[in-house]
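Structural description and commentary
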Amino acid sequence: LRERTLASWVAANVLAETRIATPFPAPGTRDGRVRLGNRDWRWQLEVRATDDADMRRLEVQVFAGDSQMPSSSLVGFGSRQPLPWSRQCASRQDSP
């Protein structure tokens, strides 16, 4: 349970970092390593184009150390433009 929880946090972090990255991610595969919870993790991110040119499908797999079986996987979407509700939330925070 601990391994899957930590791996899911790594996946969520990779997904969040990719969503806020500039420039907008091009389709392709990326990988990296990170240390979390006194463990080494390896992650692989696959960015795919969608029918909407302003959206990307993001699939993250996280592996414990050099394991070949993923401990966690997460799929999400990233947008080139901020969503309308996120602009509304930002403008509410700016008002007194």
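Up top is the structure these notes are about.
The structure contained in this document is the topic of the report that follows. (Residues numbered from 1 in each chain as written. Predicted model: local features only at pLDDT ≥ 70, side-chain atom pairs only at ≥ 80, totals over all residues. Heavy atoms only, no water.)

1. Comments concerning the overall build of the protein
Helix and strand content of the protein: two helices and four strands. Going residue by residue from the N terminus, the α and β elements of the protein occur as α-β-β-β-β-α. Counting every position in the protein, which comprises 96 residues, the buried fraction comes to 26%. Taking as baseline every contact in the protein between residues at least 6 positions apart, the subset at least 24 positions apart corresponds to 44%. (Helix = DSSP H or I, 4+ residues; strand = E, 2+ residues; numbered from the N terminus. Buried < 20%, exposed > 50% of the residue type's maximum accessible area, 1.4 Å probe, protein only. Contact = heavy atoms within 4.5 Å.)

2. Details of helix H1 (residues 2-20)
Between the first and last C-alpha of H1 there are 27 Å, a value that for 19 residues agrees with the 27 Å anticipated at 1.5 Å per step. Inspection of H1 places Leu 6, Ala 7, Val 10, Ala 11, Val 14, Leu 15 and Thr 18 among the buried residues, and these make up the whole buried set. (Expected span 1.5 Å × (residues − 1).)

3. Here's the deal with unusual backbone geometry
Although it is not a glycine, Asn 38 sits at a positive phi angle of roughly 60 degrees. Tracing the backbone through its elements, the reader meets Asn 38 in the loop between strand E1 (28-36) and strand E2 (39-49). Judged by its relative accessible area of 68%, Asn 38 is exposed.

4. Observations concerning the sheet that holds strand E4 (residues 72-79)
Taking strand neighbours across the sheet as the criterion, the four strands line up as E1-E2-E3-E4 in an open arrangement whose pairing is antiparallel. Two strands bound the open sheet, and with one partner strand each, they are E1 and E4. Strand-to-strand twist across the sheet, computed as the mean angle between neighbouring axes with direction ignored, equals 25 degrees. In this sheet, E2 lies alongside E1 in antiparallel orientation, the contact comprising nine bridges. Among the inter-strand pairings, Thr 29 is bridged to a residue of E2, identified as Glu 46. Strand contacts of H1: E1, E2, strand E3 (55-64) and E4, with the helix running at about 15 degrees to E4, the strand carrying the most contacts. (Pairing = 2+ DSSP bridges. Axes fitted to C-alpha atoms, helices over the stretch in contact; angles between N-to-C directions.)

5. Some words on the packing of aromatic side chains
Taken as a whole and assessed by the stated rule, the structure comprises zero aromatic pairs. Here the basic side chain of Arg 42 rests over the ring of Phe 63, its NZ or CZ set 4.2 Å away from the ring centre. (Phe/Tyr/Trp six-rings, centres within 6.5 Å; stacked < 30°, edge-to-face > 60°. Lys NZ or Arg CZ within 6 Å of the ring centre and 35° of its normal.)

6. Focus: the nonpolar core
Core analysis: the largest hydrophobic core is formed by 14 residues, its most contacted members being Val 10, Val 14, Trp 41, Trp 43, Leu 45, Val 60 and Val 62. Contributing elements (two or more residues each) for this core: H1, E2 and E3. Here this core takes six residues from H1, the largest share from any one element. Excluding residues that lie within four positions of it along the chain, Trp 43 makes contacts with Val 10, Val 14, Arg 30, Asp 31, Gly 32, Arg 33, Val 34, Gln 61 and Val 62. (Core = buried A, V, L, I, M, F, W, Y, C linked by side-chain atoms within 4.5 Å.)

Note that all results are geometric; they support no functional claim without further evidence.
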